[in-house]
Number of protein chains: 2
Amino acid sequence: MENSLSLTEENYIKAIFQIGTTPESNVSTNALADSLQTKPATVSDMIKKLSHKKLIFYEKYKGVTLSASGAKEALKIIRKHRLWEAFLVNHLNFKWDQVHEIAEQLEHIKSSELVNRLDDFLGNPTIDPHGDPIPDANGQVQLGPSKLLSEMTSYENGIIVGVKNEDPLLLQHLDKINIRLGLHIEVTEVNDFDQSMQVKLADLGTLFLSEKITSQILIAKNL
Amino acid sequence: MENSLSLTEENYIKAIFQIGTTPESNVSTNALADSLQTKPATVSDMIKKLSHKKLIFYEKYKGVTLSASGAKEALKIIRKHRLWEAFLVNHLNFKWDQVHEIAEQLEHIKSSELVNRLDDFLGNPTIDPHGDPIPDANGQVQLGPSKLLSEMTSYENGIIVGVKNEDPLLLQHLDKINIRLGLHIEVTEVNDFDQSMQVKLADLGTLFLSEKITSQILIAKNL
DNA sequence: TTAAATTTTTAGACTAATCTAAAAATTAAT
DNA sequence: ATTAATTTTTAGATTAGTCTAAAAATTTAA
Ligand SMILES: [Mn+2]
Ligand SMILES: [Mn+2]
Ligand SMILES: [Mn+2]
Ligand SMILES: [Mn+2]
């Protein structure tokens, strides 16, 4: 048996899951090195180990994909990360831009009993503070269809359901201009030159947004 | 600067704190090896490192004591451990015999902001689920005077305020015989031969307790 | 379709934490 | 006060994770 991944192995598995757009898409050594802030040589070594443990499929020079058991592990880690983020924001009054780093540590705490009790304590939330879906105990995620604000055109509208990225500076900026999850939003104008947008927010009136921001905001038709 | 202890260093510092009865008493290499489930040779190496970092005072063959900064670190870890135990029992409905192992992991999460918010969320408790005092943000502990039940004699009485040890089997047994923190207890008889006792508990009537148990229960005169 | 650029892997080395076996120091017993 | 037992330290290895530098494979461009 000798199961149980090391903290480092968990971080690799999670990074592979998050970089791979589809479960089949191969994740490159360099992409992994970038994401994990380490060197390609280090990644090469580690993917050999993970491959040996059957957590990933690996062909030399071809990148890696997660196996079924690898994906299951990834979802467990992501579930923990997002549940802890929900706890930090909803019960300890952290702001949404302050929780990611702490959750990076908490996601490695090993106790399925703890995760499931935390889930219940939080009321079995389906999304985390950034709008990302929280996998259930079986690793199932249900997320409604959504698209990037930057992909919408004039007169299109919907509800802000998430942000693509948890960079604290982005999140703080969104706070400052009063953009938060759940708001109704309508595109009033798109500037062809730089893809900047004018939008109308429920109550809060009109706002100009650069493409740098619109490409980070997820919109759904309704809840 | 380059502060921040590794998980292993934290465990050594905490063990030294908990083994040393008084802050001055030297802790031996073997005692540390026992407590940390490692080998004396390993301990010898590590105490050299901790000594170099000025967290402990060390003289070859003479054992170690914590420096002021070492003791401060130890109290920070113990504070976290006990706050998390309180969270697990009071909010996630764990039993008092189930939380120690999980707290051993949570105590290493690094974020003073998190600890202090958790403290507030819990209502700034002064004791953990086992009756152990929780140091405040400055490392101050206030614990009333208490003594072991095994040190009491006939007709002495007081309130159960803690257990010396977090062995799940002990804690489960105490649950089974309805002994819990806060109960008033009176010694009715002490058997000279084996130090077993007859005690009277508020409401719950008379109980026989072996020395093995009475030596683990802490009693105070009143809250 | 060769050559250049890029990506990936290998080789060799380092640190933290651990171990076993053996040597040295201390403590306890004759 | 010697000797014996115990404790502690040193010496030498091992494993996980990391690095730099160099070699090999793949991809891109001329
Ligand atoms: Mn996050
Ligand atoms: Mn999130
Ligand atoms: Mn504990
Ligand atoms: Mn405790």
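Residues numbered from 1 in each chain as written. Chains lettered and ligands numbered in written order. Predicted model: local features only at pLDDT ≥ 70, side-chain atom pairs only at ≥ 80, totals over all residues. Heavy atoms only, no water.

Time to look at the packing of aromatic side chains. On inspection of all chains with the given rule, the structure shows 9 aromatic pairs over all chains. On the numbers, 5.8 Å between centres and 85 degrees between planes, the contact of Trp84(A) with Trp84(B) is edge-to-face. With one member in each of two chains, Trp84(A) in helix H4 (residues 68-90) and Trp84(B) in helix H4 (residues 68-90) form a pair that bridges those chains. Consider the rings of Phe87(A) and Phe121(B), whose centres lie 6.0 Å apart with planes at 90 degrees: the pair is edge-to-face. Remark: Phe121(B) occurs in helix H6 (residues 112-121) and Phe87(A) occurs in helix H4; the pair is interchain, linking two chains. On the basis of relative accessibility, which here comes to 0%, the residue Phe87(A) falls in the buried class. Taking relative accessible area as the criterion, Phe121(B) reaches 23% and is therefore assigned partly exposed. Following the ring pairs from residue to residue traces out a cluster consisting of Trp84(A), Phe87(A), Phe121(A), Trp84(B), Phe87(B) and Phe121(B). (Phe/Tyr/Trp six-rings, centres within 6.5 Å; stacked < 30°, edge-to-face > 60°. Helix = DSSP H or I, 4+ residues; strand = E, 2+ residues; numbered from the N terminus. Buried < 20%, exposed > 50% of the residue type's maximum accessible area, 1.4 Å probe, protein only.)

This part takes up the coordination of the manganese ion (ligand 1). All names here are of chain A. Surrounding the manganese ion (ligand 1) are the protein donor atoms His-81 (NE2), Glu-85 (OE), His-100 (ND1) and Glu-166 (OE), which sit 2.1 Å from the metal. Counting along the primary sequence, the residues that act as donors to the manganese ion (ligand 1) give the motif H-x3-E-x14-H-x65-E. For the pair the manganese ion (ligand 1) and the manganese ion (ligand 2), the metal-to-metal distance amounts to 3.5 Å, and Glu-85 bridges them. Here His-81 is found in helix H4, whereas its partner His-100 is found in helix H5 (residues 100-106), with 19 residues between them in sequence. Given a relative accessible area of 6%, His-81 falls into the buried group. According to the relative accessible area criterion, His-100 is partly exposed, its value standing at 25%. (Donors = N, O, S within 2.8 Å, 3.2 Å for Na, K, Ca; no water.)

Before going further, it helps to examine the protein's contact with DNA strand D. Taken together, 22 residues are adjacent to DNA strand D, and Ser6(A), Lys49(A), Ser44(B), Tyr58(B) and Lys60(B) come closest. Sugar and phosphate atoms form 75% of the subset of DNA strand D atoms that lie within 4 Å of the protein. Residue Tyr61(A) places a side-chain N or O atom 3.3 Å away from a sugar or linking oxygen belonging to DNA strand D. Lys48(B) is positioned such that a nitrogen or oxygen atom in its side chain is 2.9 Å from a phosphate oxygen of DNA strand D. Of all the secondary structure elements, the ones that give two or more residues to the surface near DNA strand D are helix H1 (7-19) and helix H3 (40-52) of chain A together with helix H2 (29-35) and helix H3 (40-52) of chain B. Here the residues of the surface near DNA strand D are counted per class, giving 9 nonpolar, 8 polar and 5 charged. (Near = heavy atom within 4 Å. Polar contact = N/O pair within 3.5 Å; in protein donor to acceptor, adjacent residues only side chain to side chain. Nonpolar A, V, L, I, M, F, W, Y, C, P; charged D, E, K, R; others polar.)

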